[in-house]
Amino acid sequence: MGRRSFLAAATALGIGAGVSSHAITAAASDTKKTPDQAPEQNADRTAEIYQRDRDLPFIGTEETFSTPALLKLNSINKDHIAFLEEIGLADLGRRRIDDMDAGGLNVQVLSAHTPSVQNVPGRRGIDLAYRLNRQLVTGPIAKYPGRFKAFATLPLQSPEAAADELERSVSEDGFLGALTNGHITKKYLDHPDFEPVLARAVALDVPIYLHPGYPADEIFKILYSTTRTQYTKEFQPYIFSGSGYGWHQEVLTQCIRMITYGVFDRFPKLKIIIGHMGEGLPFYYDRIVNDMGEPTEGSLKKPFGQYFQDNFWVTTSAFPQTELLELLLRHISVDRVMFATDYPFADIKAQTDWFRGVDLPREDKEKIAYRNAEKLFRTKVLVK
């Protein structure tokens, strides 16, 4: 299927003291060059920084899991299930721990594979969300103490029950918040139906992670369906509407909706996390803030851009690109950026190696690698 295979294929053999050749090449090519700097000088600088920061601990804040039942529920066909099983999506044991150890990832914050239970209504959805959450507590969290944390799966088609499950999972099981997956029956979190969930997240002082989800059928048909139907077997529309493009636009659209329609004026302490190096936000930031600022001046309590500063955190998941990180940090405080890998769709070692070689002050790298997550989640990384 090739979903994010560009990262999986980039895994390289370790050289020297552990930095991969891929990481040196990628980071060096991303580094800003002056005319008198040769590529080998940039590579040397990257290797030097890597050595300085090789001891960095990491918390991975977007790390996906599934179960056999969830694979069956959320997969499009048997080939899709086979792919997800092959990459280890449902493995919550030794394989996952070994991959974490190989990349130096100390902690994974687990979240259920999109769209999780968001398409399951009523009592069935409520029960399924509870079982998924409890499976994590009695399974990997108990078996590997300190290595796994989790975001709650919520039955969002039943908002009051979703709010109750959020409170139960946080208060009883120590979950760090919740993760959602795109639209919920063609509604986003700005809709009044979901105010019970938002209010409970604020009361518990935990964040909600906005993960992408697939578009509604009519949007899929308009924007992503192919006129060359012979290529549907290559999953072209599926990837186009998902990781290849559509997902990132969908999350950013939801963020803009939440600001524009007053969610953060109603819930000023609401904490929202978005992944994938901001889902396009760094590129569009000035345009969004400038163009949306004027029409919302009379309807919002703050300047449009201030909500991105006050209510959002951003993770690096699956985007180990230095130039994008630099652009993100032009607009979002380093105190609001967190490391993530998007495992198992992306390789852990490729991304930890990349970040170890990024030319930032040690203090800033510690914030992104683990300290910001420790502060937001009120947790501590397990350092071996």
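Because the structure is a prediction, the values reported are computed rather than measured.

1. Observations regarding the overall build of the protein
Within the protein one finds 19 helices and eight strands. Within the span of the protein, comprising 384 residues, buried residues form 56% of the whole. Here the analysis covers contacts within the protein between residues at least 6 apart in sequence; of these, 78% occur between residues at least 24 apart. Put simply, the protein shows about 16600 Å² of open surface, and 53% of that area lies on carbon and sulfur atoms.

2. So, unusual backbone geometry
Cis geometry marks the peptide bond from T114 to P115, where omega comes out at 0 degrees. Note that P115 resides in the loop between β2 (107-112) and α7 (122-138). Of note, the bond from Y343 into P344 is cis; its omega dihedral lies within 30 degrees of zero at 5 degrees. One can find P344 in the loop between β8 (337-338) and α18 (348-356). A positive phi is found at A318, a non-glycine position, where the angle reads about 65 degrees. Mapped onto the secondary structure, A318 falls in the loop between β7 (312-315) and α17 (322-331). Even without glycine at this site, D342 takes up a positive phi of about 70 degrees. Note on placement: D342 falls in the loop between β8 and α18. What makes D342 buried here is its relative accessible area of 0%.

3. Thoughts on the sheet that holds strand β1 (residues 59-65)
Taken in spatial order, the three strands make up an open sheet running β1-β2-β3, and their pairing is parallel. Each edge of the sheet is formed by a strand with only one pairing partner; in this case those strands are β1 and β3 (148-150). When the angles between neighbouring strand axes are averaged without regard to direction, this sheet yields 35 degrees. Two elements, β1 and β2, share five bridges in a ladder whose sense is parallel. Bridged to T64 within β2 is S111.

4. So, the confidence of the model for the protein
When pLDDT is averaged across the protein, the result is 90; 89% of the residues are at 70 or more. Element-level pLDDT for the protein is lowest in helix α1 (residues 5-8), with a mean of 34, against a maximum mean of 99 in strand β6 (residues 272-274). Below pLDDT 50 for its whole length, residues 1-28 participates in 59 contacts with residues either more than four positions away or in separate chains.

5. Overview of the pattern of salt bridges
All told, the structure shown has 29 salt bridges when counted by the stated rule. Between R362 and D53 there is a salt bridge, with its nearest N and O atoms 3.1 Å apart. Of the two residues, R362 is situated in helix α19 (residues 362-377) and D53 in the loop between α3 (39-52) and β1; the sequence distance between them amounts to 309 residues. Exposure remark for R362: the relative accessible area of 23% places this residue in the partly exposed category. Residue D53 is classed as buried on the basis of its relative accessible area, which comes to 0%. One salt bridge in this structure joins R287 and D291, with 3.4 Å as the shortest N-O distance. With a gap of four residues between them, R287 and D291 both fall in helix α15 (residues 281-293), about one helical turn apart.

6. Observations regarding the environment of E86
Topologically, E86 is positioned in helix α5 (residues 78-86). Through-space distance from the C-alpha of E86 to that of P344 is 10.0 Å; in sequence the pair is 258 residues apart.

7. Some thoughts on the nonpolar core
Ranked by size, the top nonpolar core spans 90 residues in total, and within it L270, F308 and F355 carry the most contacts. Filtering out sequence-adjacent residues up to four positions away, F355 remains in contact with L56, F58, L325, F339, K365, I368 and A369. If you look at the next biggest cluster of nonpolar residues, it comprises six residues, including L71, L84, L89 and F345.

8. Here we look at the packing of α15 against helix α16 (residues 304-311)
For the pair α15 and α16, the least separation of the axes is 7 Å and the interaxial angle reads 135 degrees. By the angle class used here, α15 and α16 are oblique. Contacts between α15 and α16 involve L281, Y285, I288, V289, M292 and G293 on the former and, on the latter, F304, G305, F308 and Q309. Of the residues assigned to the contact of α15 with α16, the class counts are seven nonpolar, three polar and no charged.

Quick notes on the rules
- Residues numbered from 1 in each chain as written.
- Predicted model: local features only at pLDDT ≥ 70, side-chain atom pairs only at ≥ 80, totals over all residues.
- Heavy atoms only, no water.
- Helix = DSSP H or I, 4+ residues; strand = E, 2+ residues; numbered from the N terminus.
- Buried < 20%, exposed > 50% of the residue type's maximum accessible area, 1.4 Å probe, protein only.
- Contact = heavy atoms within 4.5 Å.
- Areas by Shrake-Rupley, 256 points an atom, 1.4 Å probe, with all protein chains shown as cover.
- Pairing = 2+ DSSP bridges.
- Axes fitted to C-alpha atoms, helices over the stretch in contact; angles between N-to-C directions.
- pLDDT = per-residue confidence, 0-100.
- Salt bridge = Lys/Arg side-chain N within 4 Å of Asp/Glu carboxyl O.
- Core = buried A, V, L, I, M, F, W, Y, C linked by side-chain atoms within 4.5 Å.
- Parallel < 35°, antiparallel > 145°, perpendicular 65-115°, else oblique.
- Nonpolar A, V, L, I, M, F, W, Y, C, P; charged D, E, K, R; others polar.

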